[in-house]
Amino acid sequence: AQTVTQSQPEMSVQEAETVTLSCTYDTSESDYYLFWYKQPPSRQMILVIRQEAYKQQNATENRFSVNFQKAAKSFSLKISDSQLGDAAMYFCAYRSANAGGTSYGKLTFGQGTILTVHP
Amino acid sequence: ETGVTQTPRHLVMGMTNKKSLKCEQHLGHNAMYWYKQSAKKPLELMFVYNFKEQTENNSVPSRFSPECPNSSHLFLHLHTLQPEDSALYLCASSQGASLTYEQYFGPGTRLTVT
C-alpha cells in the first residue's frame, strides 16, 4: 500500500518570500501521479499542481513549482512571492497509474501542512 | 466554487439518529467520491462511484451507507454513528474514475456526533 508523509504540520512565511513544503511517499510502483492540493479555511479544496512520475521535468504553475526526486520519493512544493491568499492547509497526494488495480481512482493523502502567511 | 455542492454544511446528531449527507455536482462528471477528513489524520477515501456503480468501498463500516441515484447526486446515509465518526466529510467528482481526471471537491459537511 502507498503512504504519503508530510513531516511539517505547520509552516510560516513572510509575504513576498519563498517557502517550501515537504512531502515524501512510499510506493513499489514505477508509474503514478502526485498532486498538491490547497484547502483554505472553510473553503473548498482545489488542485494546485500535478506531476506525472514518468516526466522528469518538474511541474510549474505560475508561482507554484515542485521539486520531484523520484529516486528519493520526494515531492516538495515551492511557493514563490507568497501572498496572503496562499494561507491554507496544503495536502500532498498520490494516485496510482495502475488502471487495473483495486486502487483505481483512489487518492492517498498526506496529513497536511498548515501554511501561515505573515504580512 | 468548484461546481460541487454539499448539504448540510454542518450537522450535529446523536448516536441513535439517522441522517443523510447530500452531494451534487454541476460539472457533467461521471465519477463521485466520499472522503473523510479527521483532525490530524490524512483524508481517507470511503467510496467511489463510477457511472452510478460503486467501484470502491474502502472497508467502511456499515453504519455509513452510500447511494448514487444518478451521476449528479451522491448521498451518504448515516445511522447509529459513534463519536469517533465526527469529522469533515468531503465529496468530490471527476469526469471519470480514470487516473487522468482531476477530482473537484465540495466544501464538506462538518459532522459532530454527540
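Keep in mind that what you see is a predicted model, and the values were worked out from it rather than measured.

The rules behind these values
Residues numbered from 1 in each chain as written. Chains lettered and ligands numbered in written order. Predicted model: local features only at pLDDT ≥ 70, side-chain atom pairs only at ≥ 80, totals over all residues. Heavy atoms only, no water. 1 Å grid on protein atoms, 1.4 Å probe; cavity = no way out; pocket = protein on both sides within 12 Å on 5 of 7 lines; lining within 4 Å. Points joined across faces, edges and corners; volume = space filled by probe spheres on them. Helix = DSSP H or I, 4+ residues; strand = E, 2+ residues; numbered from the N terminus. Nonpolar A, V, L, I, M, F, W, Y, C, P; charged D, E, K, R; others polar. Buried < 20%, exposed > 50% of the residue type's maximum accessible area, 1.4 Å probe, protein only. Contact = heavy atoms within 4.5 Å. Pairing = 2+ DSSP bridges. Axes fitted to C-alpha atoms, helices over the stretch in contact; angles between N-to-C directions. Disulfide = S-S within 2.5 Å. Salt bridge = Lys/Arg side-chain N within 4 Å of Asp/Glu carboxyl O. Polar contact = N/O pair within 3.5 Å; in protein donor to acceptor, adjacent residues only side chain to side chain.

### Looking at the layout of surface pockets
Quantified by volume, the largest pocket comes out at close to 660 Å³. As for the largest pocket, its lining consists of 29 residues, of which Gln39(A), Met89(A), Phe91(A), Gln37(B) and Arg110(B) are closest to the centre. Contributing elements (two or more residues each) for the lining of the largest pocket: strand S10 (88-96) and strand S12 (113-118) of chain A together with strand S11 (109-113) of chain B. Along the lines of polarity and charge, the residues of the lining of the largest pocket split into 12 nonpolar, 11 polar and six charged.

### Observations concerning the environment of Val117(A)
All names here are of chain A. For Val117, the location among the structural elements is in strand S12. The class of Val117 is buried, set by a relative accessible area of 9%. Counting along the chain gives 104 residues from Val117 to Val13, while the straight-line C-alpha distance between them is 5.0 Å. In contact with Val117, other than residues within four places in its own chain, are Val13, Glu15, Ser82, Gln83, Leu84, Asp86 and Ala87.

### Let's talk about the sheet that holds strand S7 (residues 64-70) of chain B
Residues and elements named next belong to chain B. Pairing is antiparallel across the open sheet formed by four strands, whose spatial order is S1-S3-S8-S7. Among the strands making up the open sheet, the edge pair consists of strand S1 (4-7) and S7. Each neighbouring strand pair of the sheet contributes to a mean axis angle of 20°, computed without reference to strand direction. Examined bridge by bridge, S1 and strand S3 (residues 18-25) share four bridges and lie antiparallel to one another. Residue pairing in the sheet places Thr5 in a bridge with Glu24 of S3.

### Quick notes on the state of the cysteines
Scanning the model with the defined rule gives two disulfides over all chains in all. Between the sulfur of Cys23(A) and that of Cys92(A) lies a disulfide, 2.0 Å long from S to S. Between Cys23(A) and Cys92(A) the sulfur-sulfur dihedral comes to about -70°; the bridge is accordingly left-handed. With Cys23(A) in the loop between strand S3 (19-21) and strand S4 (24-26) and Cys92(A) in strand S10, this residue pair connects regions lying 69 residues apart in the sequence. Since its relative accessible area comes to 1%, Cys23(A) is described here as buried. In this model Cys23(B) forms its disulfide with Cys91(B); the gap between the sulfur atoms is 1.9 Å. Between Cys23(B) and Cys91(B), the disulfide has an S-S torsion of -75° and is therefore left-handed. In this pair, Cys23(B) sits in strand S3 while Cys91(B) sits in strand S9 (residues 87-94), placing the two residues 68 residues apart along the sequence. Like Cys23(B), the residue Cys91(B) is buried in the burial classification. Not part of a disulfide, Cys68(B) finds its nearest cysteine sulfur in Cys91(B), a span of 9.0 Å.

### What about the pattern of salt bridges?
Counted under the stated rule, the structure contains six salt bridges over all chains. A salt bridge links Arg63(B) to Asp85(B); the shortest N-O distance between them is 2.7 Å. Here Arg63(B), found in the loop between strand S6 (53-57) and S7, pairs with Asp85(B), found in the loop between strand S8 (73-79) and S9; they are 22 residues apart in sequence, far enough to count as distant. Overall, the relative accessible area of 2% leaves Asp85(B) in the buried class. Bridged by salt links that share partners, the residues Arg50(A), Glu52(A) and Lys55(A) form one connected network.

### Considering the environment of Asn17(B)
Residue and element names in this part refer to chain B. With respect to the secondary-structure elements, Asn17 resides in the loop between strand S2 (10-13) and S3. Judged by its relative accessible area of 29%, Asn17 is partly exposed. Separated by 17 residues in the primary sequence, Asn17 and Trp34 place their C-alpha atoms 20 Å from one another. A distance of 2.8 Å separates a polar atom in the side chain of Asn17 from the backbone nitrogen of Gly14.

### Topic: the pairing of S12(A)
All names here are of chain A. The alternating pattern of S12 places Thr113, Leu115 and Val117 on a buried face and Ile114, Thr116 and His118 on a face that is not buried. Pairing analysis gives five bridges linking strand S2 (residues 10-14) to S12, with the strands arranged parallel. Across the sheet, Glu10 pairs through a bridge with Ile114, a residue of S12. With three bridges connecting them, S10 and S12 associate as antiparallel partners. Pairing of Tyr90 across the sheet is with Thr113, part of S12.

Bear in mind that shape data such as this cannot, by itself, settle questions of function.
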